[in-house]
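Structural characterization, general
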Amino acid sequence: MVDASVSLCGLTLDNPVIPASGVFGFGYEFSELYDINILGSFSFKGTTREPRFGNPAPRIAECTGGMINSVGLQNPGIEAVINDELPKLKKCFKKPVIANISGFSIEDYVYCCEKIDREDQVGIIEVNISCPNVHNGGMSFGTSAKAAAEVISAIKKVVTKPVFAKLTPNVTDITEIARACESAGADGISLINTLLGMRIDLKTKKPVIHNKMGGFSGPAVFPVALRMVYQVYEAVKVPIMGMGGVMTSNDVLEMMLAGASAVQVGAANLIDPFACKKIIEGLPAAMEKYGIKSLKELIGGAH
Amino acid sequence: MLKQGLFTVLENKKIADNIFKMTLGGDVSAITVPGGFVNIKLDGFFLRRPISVCSVFSDGFTIIYKAVGGGTEAMTKSEVGQVLDVLTGLGNGFDTSKSGVSPLLIGGGVGVPPMYFLAERLISEGKKPIAVLGFNTKSEAFYIDEFKKLGVETFVTTADGSLGLKGFVTDALKNIEKTYTYFYTCGPKPMLKAVYDSTYTSGQFSFEERMGCGFGACMGCTCKTKYGNKRICKDGPVLIKEEIIW
């Protein structure tokens, strides 16, 4: 028997596999496809203070080994998430969920985090300071160590639950931002959000995506994500949720060897709605194949 | 409810300029509603290719697709016997309960195939659909005889007049506007808007948008409607006339 459980800031997860924010909505729609209680947890759709439609279409472009999205944080707003979405999720998911929160000002982040912190269903707050698809917010906090620290520090003053800072790879030195978040009180680091990318349509000779650029994700970014997880593991002491291009059980093992305590799966869910189920079910065989008895003991093993 | 399955290519042939017909064999239990679509995984392409279902039989279904880009061009090379990973049962589909006795089906280009599935369904419900099929030109036209074989009164338009009435589907509507009880339409957006402006009954519109997942997860294809934000892939692709914001 292999042990796939991991622990994250005092929470024990049955396994490290977590659908990433933005590919799993608020979960309940996927419970029609399989029992989502097999997941380690999941990170719900990035939520802001006010409801957001997001960016104009087209919001999606395909690339070799992945895709670009510029959805732009479409979500029903924090009130509707608490009043409508979480109660629907409660009926089909019995584990603590990860609340992904985004904002356009420190006040926005504090407002939403303080509210979501009071929800029993929430186990961890993941603060998205890395969305590449909105202006004057999101990523602008995550590209400056000072701004990142200010947001995290302000949030930490009003919440009781563990706070993970979700970082963008679109920076010169991600370890600097990670260290700043840790110093500001972050209980963990999530990385990486999408890489800023674009495609141009040869027929129209204009960008495919209405917003011109968007976030690049998918298996093509896995080596970049893995490298950054590896670097951040050496830079901070707090746990890491690693993500970026994870497609298979083996990718999960690699991410953990690089230093991730848990692993989020994003774009894979969009081409296969059963991706996380398959990854979880494949973990024991992958562990046995490589002589791994316990995933906890694997974390950071490549260092 | 969506299903993932492996399907064998039974047929994949050109039926008009750039237009191909593919028949896939496998478990079709999730394909229940005309206007729904499938999402096909192709080697070498990350995202799946969403295609409307044209007709369904006991152990397979047919799609008709246009080779418009890298993915659909690669699809034309799929050989008989090849196995494809397909998500079936996607999209809300058309609601036939609203049709009345003689609904009008208006299809343009690759918007025609879902109209065929719908015609079959309406006929099986004892209704008498009328079809208006629009194409750019005669060499791109397809499935006209198939509609006639179903016993559907069929009007054809081509933009260049090489087949049927010269003009657009809305030009044909002028000839038959007193005879329909409801309408269903699928085609390019400018055609849908023209149909919206030229019809006097309520109706249902099937929309197309660039999709990420095709099953409601990524929010890539969301549009605004009078009834709130809707994902074309899951809350659509069919929207009713009253809710559409152009």
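Residues numbered from 1 in each chain as written. Chains lettered and ligands numbered in written order. Predicted model: local features only at pLDDT ≥ 70, side-chain atom pairs only at ≥ 80, totals over all residues.

1. What to know about the interface of chain A and chain B
The partner chain B presents 24 residues to the 25 residues of chain A that form the contact. Mapped onto the side of chain A that touches chain B, the elements with two or more residues apiece are β4 (60–63), β5 (66–69) and α8 (268–271) of chain A. By residue class, the composition of the side of chain A that touches chain B is 13 nonpolar, eight polar and four charged. (Contact = placed C-beta atoms within 7 Å. Helix = DSSP H or I, 4+ residues; strand = E, 2+ residues; numbered from the N terminus. Nonpolar A, V, L, I, M, F, W, Y, C, P; charged D, E, K, R; others polar.)

2. A word on the sheet that holds strand β11 (residues 183–186) of chain B
Strands pair in a sheet through their backbones, by hydrogen bonds, and they do so in one of two ways: parallel or antiparallel. Residue and element names in this part refer to chain B. Judged by pairing direction, the sheet is mixed, and its seven strands sit side by side in the order β10-β9-β8-β7-β11-β12-β15 without closing on themselves. Taken across any chain shown, the strands that pair with only one partner, and hence form the sheet edges, are β10 (165–166) and β15 (238–240). Here strand β9 (residues 153–158) runs beside β10; their pairing, made up of two bridges, is parallel. Paired with T158 across the two strands is K166, which belongs to β10. (Pairing = 2+ DSSP bridges.)

3. Concerning the packing of helix α2 (residues 106–117) of chain A against helix α4 (residues 145–156) of chain A
Residue and element names in this part refer to chain A. One way to put it is that α2 packs onto α4 with a least axis distance of 9 Å and a crossing angle of 35°. Note that α2 runs across α4; the crossing there is right-handed. The residues of α4 that touch α2, namely those facing I106, Y109, V110 and C113, are E150, V151, A154 and I155. Its residues assigned to classes, the contact of α2 with α4 shows seven nonpolar, no polar and one charged. (Axes fitted to C-alpha atoms, helices over the stretch in contact; angles between N-to-C directions. Left-handed = near helix turned anticlockwise from the far one by under 90°.)

4. Here's the deal with the pairing of strand β4 (residues 49–57) of chain B
Residue and element names in this part refer to chain B. The element β4 is largely enclosed, with a buried count of seven among its nine residues. Inspection of the sheet shows β4 paired to strand β5 (residues 60–66) by four bridges, in the antiparallel sense. Following the sheet pairing, V56 is matched in β5 by F61. Counted along the chain from β4 to the antiparallel partner β5, the turn is two residues long. (Buried ≥ 20, exposed ≤ 12 C-beta atoms within 10 Å, placed from the backbone.)

5. Thoughts on the domain arrangement of chain B
The accessible area lost on association of the parts is a frequent measure of interface size. Residue and element names in this part refer to chain B. On domain assignment, one finds that chain B holds domain 1 (3–90) and domain 2 (96–206). Opposite the 16 residues of domain 1 that make contact, domain 2 presents 13 residues. Secondary structure elements with two or more residues in the side of domain 1 that touches domain 2: β1 (3–16), β4 and β5. When residues in the side of domain 1 that touches domain 2 are grouped by element, the largest group, five residues, is from β4. Counted by class, the side of domain 1 that touches domain 2 contains ten nonpolar, four polar and two charged residues. (Domains from an automatic or database assignment.)

6. Side note on the pairing of strand β3 (residues 37–40) of chain B
Residue and element names in this part refer to chain B. Here β3 shows a buried face lined by F37 and N39 and a second buried face lined by V38 and I40. Where β3 lies against β4, four bridges are found, and the strand directions are antiparallel. By the bridge assignment, F37 is partnered in β4 with S52. Relative to strand β6 (residues 83–90), β3 is paired through three bridges, and the arrangement is antiparallel. Bridge assignment links I40 to a residue of β6, and that residue is V86.

7. A closer look at the nonpolar core
Residues V127(A), I152(A), C181(A), I189(A), V229(A) and V263(A) are the most contacted members of the largest nonpolar core, which totals 179 residues. Looking at which element gives the most residues to this core, the answer is helix α6 (residues 222–235) of chain A, with eight residues. For this core, the domains that each give at least three residues are domain 1 (3–90) and domain 2 (96–206) of chain B. Discounting chain neighbours no more than four positions away, the residues touching V229(A) are L191(A), I240(A), G242(A), M255(A), A258(A), G259(A) and A260(A). (Core = buried A, V, L, I, M, F, W, Y, C linked by C-beta atoms within 7 Å.)

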